[in-house]
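Residue strings, one per chain:
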Amino acid sequence: AQSVTQLGSHVSVSEGALVLLRCNYSSSVPPYLFWYVQYPNQGLQLLLKYTSAATLVKGINGFEAEFKKSETSFHLTKPSAHMSDAAEYFCAVSVFGNEKLTFGTGTRLTIIP
Amino acid sequence: GAGVSQTPSNKVTEKGKYVELRCDPISGHTALYWYRQSLGQGPEFLIYFQGTGAADDSGLPNDRFFAVRPEGSVSTLKIQRTERGDSAVYLCASSLTLASGRGYNEQFFGPGTRLTVL
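These lines cover the structure that appears in this document, whether it is placed above or below. The structure presented is a predicted model; accordingly, all values stated were derived computationally and were not measured. (Residues numbered from 1 in each chain as written. Chains lettered and ligands numbered in written order. Predicted model: local features only at pLDDT ≥ 70, side-chain atom pairs only at ≥ 80, totals over all residues. Heavy atoms only, no water.)

Some thoughts on the overall build of chain B
And then number 1: Counting its secondary structure elements, chain B contains zero helices and 11 strands.
And then number 2: Each helix and strand of chain B, ordered N terminal to C terminal, gives the series β-β-β-β-β-β-β-β-β-β-β.
And then number 3: The 118 residues of chain B split such that 46% are buried.
And then number 4: Long-range contacts, defined here as pairs at least 24 residues apart, represent 55% of the contacts in chain B between residues at least 6 apart.
And then number 5: Working note: accessible area of chain B is about 5700 Å², and carbon and sulfur atoms make up 49% of it.
And then number 6: In chain B, which carries 12 positive and 11 negative side-chain charges, the distance between the mean positions of the two groups comes to 5 Å. (Helix = DSSP H or I, 4+ residues; strand = E, 2+ residues; numbered from the N terminus. Buried < 20%, exposed > 50% of the residue type's maximum accessible area, 1.4 Å probe, protein only. Contact = heavy atoms within 4.5 Å. Areas by Shrake-Rupley, 256 points an atom, 1.4 Å probe, with all protein chains shown as cover. Lys, Arg positive; Asp, Glu negative; His and termini not counted. Charge placed at Lys NZ, Arg CZ, Asp CG, Glu CD.)

Take a look at the structure:
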């Protein structure tokens, strides 16, 4: 069975600072990995995905993530935080691209003006 | 174009009552997923349809939960004898048909139905 662990349920960064949200995965087979964002009272939106092509994946809104097999990690980064980035972020894994997603518990990102 | 829609957006019911939650997927999407998101948690998988049939219902917590998709489009999640622990946001997602091999089809999520069991 696959799983993801998100370290830090709450992260606060200053506007303009680096954003780093951590995700570690466990999977017995090469995984698909995803980052989703959830704004208040809205549905989940896909930020980016890893599907075994390039290990450095670029997504929307300036976010990117790097798949590191040796560390079983898929951390999400953004060089410069913006106030509009404040939201809940979820890391997810699936074994196949069309299968159910297994989500982490989420990280709430707060941006300090 | 229209995204995934879910109705109602909010549902308040009393313990022991029966509820139905509806999901309208994106037109042309043959795969449909239900997830449940409890407060402070990530979404948890409940059931997945490919067309009219449930391809994977391993996430349904017990036999009080049932889902149907009779015509391969709209789906209804049914909960019998609701309990306070069923209170959560129920999310629906849809995607294009199964991708083969290492293919991938994005799941598009609806806004969810917030269920409160008093």
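So that's the structure; there's more coming.
Details of the interface of chain B and chain A
In many analyses, interface size is given as the accessible surface area lost on bringing the parts together.
And then number 1: Across the boundary between the two partners, chain B contributes 24 residues, which contact 22 residues of chain A.
And then number 2: Linking chain B with chain A are one salt bridge, by the criterion used here.
And then number 3: Across the pair Asp 56 of chain B and Lys 100 of chain A runs a salt bridge, and its minimum N-O distance is 3.6 Å.
And then number 4: Between the two partners, chain B and chain A, sit three residue pairs in polar contact (both at pLDDT 80 or more).
And then number 5: Broken down by secondary-structure element, the contributors of at least two residues to the side of chain B that touches chain A are strand 4 (31–37) and strand 5 (44–50) of chain B.
And then number 6: Looking at the side of chain B that touches chain A residue by residue, the class counts come to 11 nonpolar, 10 polar and three charged. (Salt bridge = Lys/Arg side-chain N within 4 Å of Asp/Glu carboxyl O. Polar contact = N/O pair within 3.5 Å; in protein donor to acceptor, adjacent residues only side chain to side chain. Nonpolar A, V, L, I, M, F, W, Y, C, P; charged D, E, K, R; others polar.)

Let's talk about the sheet that holds strand 3 (residues 19–24) of chain B
All names here are of chain B.
And then number 1: If you walk across this open sheet you meet the four strands as 1-3-8-7, and the pairing is antiparallel. One side of each edge strand has no neighbouring strand; the edge strands of this open sheet are strand 1 (5–7) and strand 7 (65–68). Looking at each pair of strands side by side, their axes are set apart by 15 degrees on average, direction ignored.
And then number 2: With five bridges connecting them, strand 3 and strand 8 (residues 75–79) associate as antiparallel partners. Across the sheet, Arg 22 pairs through a bridge with Thr 76, a residue of strand 8. (Pairing = 2+ DSSP bridges. Axes fitted to C-alpha atoms, helices over the stretch in contact; angles between N-to-C directions.)

Side note on the state of the cysteines
And then number 1: For the coordinates displayed, the defined rule picks out two disulfides over all chains.
And then number 2: Shown here is the disulfide that connects Cys 23 of chain A with Cys 91 of chain A, its sulfur atoms set 2.0 Å apart. The sign of the -65 degrees torsion about the S-S bond sets the Cys 23 of chain A-Cys 91 of chain A disulfide as left-handed. With Cys 23 of chain A in strand 3 (residues 19–26) and Cys 91 of chain A in strand 9 (residues 87–94), this residue pair connects regions lying 68 residues apart in the sequence.
And then number 3: The class of Cys 23 of chain A is buried, set by a relative accessible area of 0%.
And then number 4: Judged by its relative accessible area of 0%, Cys 91 of chain A is buried.
And then number 5: A disulfide bridge connects Cys 23 of chain B with Cys 92 of chain B, and the sulfur atoms are separated by 1.8 Å. (Disulfide = S-S within 2.5 Å.)

Remarks on the environment of Arg 36 of chain B
Residue and element names in this part refer to chain B.
And then number 1: With respect to the element layout, Arg 36 can be found in strand 4.
And then number 2: Between the C-alpha atoms of Arg 36 and Tyr 90, which are 54 residues apart in sequence, the distance is 4.5 Å.
And then number 3: In contact with Arg 36, other than residues within four places in its own chain, are Gly 42, Pro 43, Glu 44, Leu 46, Pro 61, Phe 65, Gly 85, Asp 86, Ala 88, Val 89 and Tyr 90.

Re the packing of aromatic side chains
All names here are of chain A.
And then number 1: In the structure shown here, the tally under the stated rule is 14 aromatic pairs over all chains.
And then number 2: Ring plane angle 15 degrees and centroid distance 4.1 Å describe the contact between Tyr 50 and Phe 67, whose orientation is recorded as stacked. Pair noted here: Tyr 50 is in strand 5 (residues 44–50) and Phe 67 is in strand 7 (residues 64–68), with a separation of 17 residues, a long-range link. The same class applies to Tyr 50 and to Phe 67, which are both buried. (Phe/Tyr/Trp six-rings, centres within 6.5 Å; stacked < 30°, edge-to-face > 60°.)

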